[in-house]
Protein chains: 2
Amino acid sequence: MTLDLRVDRSSPVPLYFQLSQQLEAAIEHGALTPGSLLGNEIELAARLGLSRPTVRQAIQSLVDKGLLVRRRGVGTQVVHSQVKRPLELSSLFDDLEAAGQRPATKVLVNTLVPAPAEIAAALGVPEDGDVHRVERLRLAHGEPMAYLCNYLPPGLLDLDTGQLEATGLYRMMRSAGITLHSARQSIGARAATAVEAERLAEQAGAPLLTMQRTTFDDTGRAVEFGDHTYRPTRYSFEFQLLVRP
Amino acid sequence: MTLDLRVDRSSPVPLYFQLSQQLEAAIEHGALTPGSLLGNEIELAARLGLSRPTVRQAIQSLVDKGLLVRRRGVGTQVVHSQVKRPLELSSLFDDLEAAGQRPATKVLVNTLVPAPAEIAAALGVPEDGDVHRVERLRLAHGEPMAYLCNYLPPGLLDLDTGQLEATGLYRMMRSAGITLHSARQSIGARAATAVEAERLAEQAGAPLLTMQRTTFDDTGRAVEFGDHTYRPTRYSFEFQLLVRP
DNA sequence: TAGTGGTCTAGACCACTGT
DNA sequence: CAGTGGTCTAGACCACTAT
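Residues numbered from 1 in each chain as written. Chains lettered and ligands numbered in written order. Predicted model: local features only at pLDDT ≥ 70, side-chain atom pairs only at ≥ 80, totals over all residues. Heavy atoms only, no water.

**A word on the protein's contact with DNA strand D**
Keep this limit in mind: Nearness is defined per residue: one heavy atom within 4 Å of the molecule or strand is enough. Pairs of N or O atoms within 3.5 Å make up the polar contacts considered here, provided that, within protein, one atom can donate a hydrogen while the other can accept it, and that residues adjacent in sequence are counted only when both atoms are side-chain atoms. The numbering of helices and of strands both runs from the N terminus, where a helix is a DSSP run of H or I of at least 4 residues and a strand a run of E of at least 2. Note that Gly is not counted as nonpolar here; it falls among the polar residues with everything else outside the nonpolar set of Ala, Val, Leu, Ile, Met, Phe, Trp, Tyr, Cys and Pro and the charged set of Asp, Glu, Lys and Arg.
The environment of DNA strand D is made up of 26 residues, and the closest members are A:Arg9, A:Leu15, A:Ser51, A:Thr54 and B:Gly73. If you look at DNA strand D and keep only atoms within 4 Å of the protein, 68% of those are sugar or phosphate atoms. At 3.1 Å from a phosphate oxygen of DNA strand D is found a side-chain nitrogen or oxygen belonging to B:Arg56. For DNA strand D, a base oxygen lies 3.2 Å from a polar atom in the backbone of B:Gly73. Elements represented by at least two residues in the surface near DNA strand D include exactly helix 1 (15-28) and helix 3 (52-64) of chain A together with helix 3 (52-64), strand 1 (68-71) and strand 2 (75-78) of chain B. Residue contributions to the surface near DNA strand D peak at 4 residues, all from helix 3 of chain A. Residues belonging to the surface near DNA strand D are distributed by class as follows: 7 nonpolar, 10 polar and 9 charged.

If you want it as structure tokens, here you go:
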């Protein structure tokens, strides 16, 4: 059975995007099975009444997502399984919500402080200036899961404590019109200090998973620095990544 | 001063690729400074004697790498600093070599074993079949840094012990014509068992950084499963990631 | 040899941004 | 308003793969 593909030329949605969405959906719910050939681009273009470059643009976006593989002289195939969510800059809040965990957040500190030297350097603000400092405890099923300490440049965002407890920091930034662009991350481990252990209901010396991250918007400004510790029995970093071609 | 860009039409290298390489080099060594505008695509195409789609393809590849940002009605700008190496599927060996650490490898085990259930599932091989098991100790400056246990499907690769000590597993796979496509990773932490501690010259109960990874080639086959432990005082995962638009 | 994707052209119109 | 990128067309020729 051939796939039922259609495009709506009166829609404001770009034609290539309409097509890539339909192809992705077909892969998602199994109408296009792994390993199956997509049919050549010229014929596909003719069938849809599109030009070949437009069809190629749609296919290319799915190749970039890792869903399709192109082979010259062979055709375009659906990748065999496995690819689900390529790595993205997700917040812990979103991760937990996606896992159906109803995350709870307790804001411990939400204040303006003089920027420590390391933070000032990471955020690119003057050393004698102020930065926002937000400390939060993230809970799942009533148990502490992570301690999140974040610094933000002043004036970027209205850091309402109520909103911080109801949603995630990244979601708040996006709502404020900040376009996240890239982040630099470091993931490590260390033994919990007495203070850290108490915050997370662990024993002193227990292993903790740690992450430092600086996030940049599309103008290159650093918009956030985070220093997080996670209970490794409750959380690990899971992600999929694509090999750059 | 305007940038000196040229393309060689007699070269087998695609024109868009020649252009993107030159732009990337110009960004790299500062001829194009962060925030500077690239000049509009039509004019750039005319200057180079290329068509606009070709110029767009070159620019788009750098946007995908995170080096450029496009804004409708504004222009194409060089991103402000920070982006150096987007996340790639690197081997520990390559990481260390890039850091100038002359990594040493000691192969502890290199044998064929009946596939444990979990490994068979991860690699997609029959449960009663055999798989390669490779255990290695990675050293830097004579000190153990990581213990790497990898499983590979049989018949994929000639796992020469000498080569394993001289280079990395990924490099061997690429040399064997395997096209790496994607990987699923999980990074966590736990306390070292007595056996793990001894291997890595740590105390039992010391925090360890752990990583499990399944790697797939472009046909969707699992080509490797790895179960690694790292000394967190000697190693952490550092990477940069781009926000999917 | 036939069929595929890879590259390239020379236009066109639209949507958005800034002044 | 002028200028930018975003989308789209209807072709063309080439390189690679399989048979």
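So much for the structure itself; the text now carries on.
**Brief notes about the interface of chain A and chain B**
When the parts come together, some accessible area is lost, and that loss is often what is quoted as the size of the interface. Cut-off, in case you're wondering: Any pair of residues with heavy atoms lying within 4.5 Å of one another is described as a contacting pair. Values labelled buried area give the accessible surface lost by two parts on being combined, using a 1.4 Å probe and summing over both. The working definition used for a salt bridge is a side-chain nitrogen of Lys or Arg within 4 Å of a carboxyl oxygen of Asp or Glu. Here the rule is simple: two strands pair whenever DSSP picks up at least two bridges between them.
Residue-level contacts link 41 residues of chain A with 41 residues of chain B. Summed over both sides, the interface of chain A with chain B buries roughly 3800 Å², with 56% coming from carbon and sulfur. At the boundary of chain A and chain B, one finds 2 salt bridges. A salt bridge links B:Asp218 to A:Arg71, with the shortest nitrogen-to-oxygen separation between them at 3.5 Å. Counting the contacts that link chain A with chain B gives 14 residue pairs in polar contact (both at pLDDT 80 or more). In the side of chain A that touches chain B, the residues fall into 20 nonpolar, 12 polar and 9 charged. Looking at chain direction, strand 9 (residues 237-242) of chain A and strand 6 (residues 180-191) of chain B are connected through 6 bridges and run antiparallel. Across the sheet, the residue bridging to A:Phe239 is B:Gln185, located in strand 6 of chain B.

**A look at the protein's contact with DNA strand C**
If you check the shell around DNA strand C, you find 26 residues, and the closest are A:Gly73, B:Arg9, B:Leu15, B:Ser51 and B:Thr54. Backbone atoms, meaning sugar and phosphate, make up 69% of the atoms of DNA strand C lying within 4 Å of the protein. For DNA strand C, a phosphate oxygen lies 2.3 Å from a polar atom in the backbone of B:Leu15. With 4 residues, the top contributor of residues to the surface near DNA strand C is helix 3 of chain B. Partitioning the surface near DNA strand C into residue classes produces 7 nonpolar, 10 polar and 9 charged.

**Considerations on the packing of helix 1 (residues 15-28) of chain B against helix 3 of chain B**
All names here are of chain B. Our working rule: To get an axis, fit a line to the C-alpha atoms, keeping to the stretch in contact for a helix; angles then go from 0 to 180 degrees between the N-to-C directions. Note on angle classes: values under 35 degrees are labelled roughly parallel, values over 145 roughly antiparallel, values of 65 to 115 roughly perpendicular, and the remainder oblique. In this scheme the crossing of two helices becomes right-handed for a clockwise turn of the near helix relative to the far one and left-handed for an anticlockwise turn of less than a right angle.
Put simply, helix 1 and helix 3 touch, their axes get as near as 8 Å, and they point 45° apart. Of the possible angle classes, the one that applies to helix 1 and helix 3 is oblique. Seen along the crossing, helix 1 lies across helix 3 with a hand that is right-handed. Residue-level contacts link Leu15, Tyr16, Leu19, Ser20, Leu23 and Glu24 of helix 1 to Thr54, Val55, Gln57, Ala58, Ser61 and Leu62 of helix 3.

**A look at helix 2 (residues 41-48) of chain B**
Residue and element names in this part refer to chain B. Filter applied, for reference: When a residue's accessible area, from a 1.4 Å probe over protein chains only, is under 20% of the maximum for its type it is buried; when over 50% it is exposed; and in between it is partly exposed. By arc we mean the arc of the directions from the helix axis to the C-beta atoms, nothing more.
When helix 2 is considered as a whole, its buried residues turn out to be Glu41, Leu44, Ala45 and Leu48. Looking straight down helix 2, one finds its buried side chains confined to an arc of 100°; they lie on one side. Of the exposed residues in helix 2, the ones pointing more than 90 degrees away from its buried face are Ile42 and Ala46. The secondary structure elements touched by the buried residues of helix 2 are helix 1, helix 3 and strand 1.

**Things to note about the nonpolar core**
Applicable threshold: What we call a nonpolar core is a set of buried Ala, Val, Leu, Ile, Met, Phe, Trp, Tyr and Cys residues that are connected through their side-chain atoms within 4.5 Å.
A:Ile187, A:Tyr230, A:Phe237, B:Ile187, B:Tyr230 and B:Phe237 are the most contacted members of the largest nonpolar core, which totals 28 residues. Of all the secondary structure elements, the ones that give two or more residues to this core are strand 5 (143-152), strand 6 (180-191), strand 7 (207-217) and strand 9 of chain A together with strand 5 (143-152), strand 6, strand 7 (207-217) and strand 9 (237-242) of chain B. Grouped together as the second largest cluster of nonpolar side chains are 20 residues, B:Leu3, B:Leu38, B:Ile59 and B:Leu67 included.

**Digging into the relation of the copies chain A and chain B**
To be explicit about the condition: In superposing the copies, a least-squares fit is computed on C-alpha atoms, taking residues whose pLDDT is at least 70 in both.
The two copies are related by a screw motion: chain A maps onto chain B through a turn of 180° and a shift of 0.0 Å along the axis, at an RMSD of 0.1 Å. Put plainly, the chains are arranged around a two-fold axis. When C-alpha distances to the rotation axis are compared across chain A, the minimum falls at A:Pro207, with a value of 2.3 Å. Residue by residue, 100% of the interface of chain A is reproduced at the interface of chain B, so both copies engage with the same surface.

**Section: unusual backbone geometry**
Residue and element names in this part refer to chain A. Not every positive phi belongs to a glycine, and His141 is a case in point at roughly 55°. Positionally, His141 belongs in the loop between strand 4 (130-140) and strand 5. In this structure, Ala201 takes a positive phi of about 60° despite not being glycine. Mapped onto the elements of the fold, Ala201 is located in the loop between helix 8 (194-199) and strand 7.

**Some points on the sheet that holds strand 7 of chain B**
Spatially, the 7 strands line up as an open sheet ordered 9(A)-6(B)-7(B)-8(B)-5(B)-4(B)-3(B), and their pairing is antiparallel. The open sheet has two edge strands with one neighbour each: strand 9 of chain A together with strand 3 (104-114) of chain B. Strand-to-strand twist of the sheet, defined as the mean angle between neighbouring strand axes without regard to direction, takes the value 15°.

**Concerning the side chain of B:Arg136**
Residues and elements named next belong to chain B. Inspection of the secondary structure assignment puts Arg136 in strand 4 (residues 130-140). In terms of polar contacts, Arg136 uses its side chain to reach the side chain of Asn150, at 2.9 Å. In contact with Arg136, not counting residues within four places along its chain, are Thr105, Lys106, Val107, Leu108, Ala146, Tyr147, Leu148, Asn150, Leu164 and Leu169.

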